[in-house]
2 protein chains.
Amino acid sequence: MCELLGMNCATPTDINFSFKGFSQRAGVTSDHADGFGIAFFEQKGCRLFIDCQSAVHSPLADFIRNYPIKSRNVIAHIRKATQGKIELENNHPFMRELWGRHWIFAHNGDLKDYWPQLCGQFMPVGTTDSERAYCYILQELRYRFGKDEPSLQQIFDFLAEVSPKIAEYGTFNFILSNGQALFSYATTNLHWIVREWPFQQAHLVDVDIEIDFSQVTKPEDRVAVVATAPLTDNEVWHKYQPGELIWFQDGRVQQTAHTTIQRLVNAG
Amino acid sequence: MCELLGMNCATPTDINFSFKGFSQRAGVTSDHADGFGIAFFEQKGCRLFIDCQSAVHSPLADFIRNYPIKSRNVIAHIRKATQGKIELENNHPFMRELWGRHWIFAHNGDLKDYWPQLCGQFMPVGTTDSERAYCYILQELRYRFGKDEPSLQQIFDFLAEVSPKIAEYGTFNFILSNGQALFSYATTNLHWIVREWPFQQAHLVDVDIEIDFSQVTKPEDRVAVVATAPLTDNEVWHKYQPGELIWFQDGRVQQTAHTTIQRLVNAG
């Protein structure tokens, strides 16, 4: 399994505080040590950093912990390999282009015997169930809307339809962004929090670091953070309901959908 | 305009020596200071680092200069903006997926009034002529070969056909790789060198650094380096002929084609 971290903000914000705590789970407070990745949108541009080393020991992760990249949409992932070897091409997040935008996707969970029919427009580079699911989502988005880029509302409605169908195959917690919004879906473990004015102090769970956000923010700042498990121990995190899809926009919840997942009957 | 750097190797090799010289041209020995990018293939995986800052001053470039990533195919680019603003999405190299492989492309030159018809499968994220040309190449590759991944020979033959047609619009020096081979094409400025046993000393043009490759290589190593202008002053670099396409494989020239470019008549 793996762990997910996402951030969606009203104004460009760095993720250094959250990433410092999150990356401890890649070997110190947990064992997700088979690679990591993090993607930062900057306008339409996107920077994707991936490494097969653990986010605790990787020099690249160290660079990211200390180099503040300001972004309005960030997705990070630490990996514990279940399907697919420890190879660079199996590291999340995955990046593809659709409608002239980069799309970034990271998954936590395990889809059993999941081999969707892929027509060729989006093909997995690696060998994970996660990348197959991602390619399928993009393929179906393109199939549904053709050459015309859909609105964020249409993308949300589409995800509310397709996500529970993929979730029939197993655990399907994911974060997806095209740089305009952050979409997140959970069948088991995912939590979110919104930080806004008046900002408070926050203390990390995984390492003894505290920050007083009121000292480093402006009133117009607002930040939504999504994580597999809460990153701080003195704030109230909301747990996703099974089958819940949340669309974050400008650092707040824009819309929520509750989907129903039909579990595949194991006939074996 | 911009400058290009490419490397194709028989065994995974780091590019630190070449990149140290090359990146000096982003503000010290030349003025290509509007951003940089570098992509490293590691098997099928690919790491792409891009930044809007100059490769002289960027902390990311500094990290790359000092962190040896071993790769068999590397493409780097330093940018002096001609078309497209200084935005992250306009930084080369560009990355897309086709036939389950990452494809990396960087361009030096300027294509005038170049607006190829793009059907939607590969669309530019930024606003450069370069990314439009890249999307067109991938679209036509996909159109020509459909769902079936072509051989490297077929890709080479295709590039020999399509490259001079794009070059009708202006200067078109490029480096392209899908991780299996490195293809390079020049209409004006591009140089190459192959280093192999018995290795010699090399001294950079742009900064007073010398290396004795015989001390850091094994007999089976072999490295082809492609650069806009020669990176060293004590080795013999080969200049591309106008319209020359070279396919590098395992650190050596696999095949060369000489194409003829019809210049568009300016009717204005």
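That block above? That's the structure.
A few points on the structure. None of these values were measured; they are calculated from a predicted model. (Residues numbered from 1 in each chain as written. Chains lettered and ligands numbered in written order. Predicted model: local features only at pLDDT ≥ 70, side-chain atom pairs only at ≥ 80, totals over all residues. Heavy atoms only, no water.)

All names here are of chain B. The six strands are arranged β5-β6-β7-β8-β14-β15 in an open sheet whose pairing can be described as antiparallel. The open sheet has two edge strands with one neighbour each: β5 (94-98) and β15 (252-258). Going across the sheet, the axis of each strand differs from the next one's by a mean of 20°, ignoring polarity. Sitting on the sheet, helix α3 (residues 129-145) touches β5, β6 (101-108) and β7 (173-177), and the angle it makes with β5 is about 10°. Across the face of the sheet, helix α4 (residues 152-167) comes into contact with β6, β7, β8 (182-186), β14 (244-249) and β15 while running at roughly 150° to β14. (Pairing = 2+ DSSP bridges. Helix = DSSP H or I, 4+ residues; strand = E, 2+ residues; numbered from the N terminus. Axes fitted to C-alpha atoms, helices over the stretch in contact; angles between N-to-C directions. Contact = heavy atoms within 4.5 Å.)

Turning to the pairing of strand β14 (residues 244-249) of chain A, a few remarks are in order. Residues and elements named next belong to chain A. Counted residue by residue, β14 has six buried out of six residues, so it is predominantly covered. Residues Glu244, Ile246 and Phe248 of β14 are buried on one face, and the alternating residues Leu245, Trp247 and Gln249, pointing to the opposite face, are buried as well. In terms of strand pairing, strand β8 (residues 182-186) meets β14 through five bridges, oriented antiparallel. Bridging across to β14, Ala186 finds its partner in Glu244. In this structure, β14 lies alongside strand β15 (residues 252-258), joined through six bridges in antiparallel fashion. Bridge pairing in β15 links Glu244 to His258. Hairpin connection of β14 to β15: two residues between the antiparallel strands, including Asp250 at a positive phi of 55°. (Buried < 20%, exposed > 50% of the residue type's maximum accessible area, 1.4 Å probe, protein only.)

Turning our eyes to something else, we now look at the nonpolar core. In terms of nonpolar packing, the biggest core is built from 54 residues, with Ile38 of chain A together with Ile38 of chain B touching the most fellow members. The residues touching Ile38 of chain B, leaving out its near neighbours within four places in the chain, are Ile15, Phe19, Arg47, Leu48, Phe49, Ile64, Val74, Ile75, Ala76 and Pro93 of chain B. Counting residues in each nonpolar core, the second largest holds 42 residues, with Trp192 and Phe248 of chain A together with Ile50 and Tyr240 of chain B among its members. (Core = buried A, V, L, I, M, F, W, Y, C linked by side-chain atoms within 4.5 Å.)

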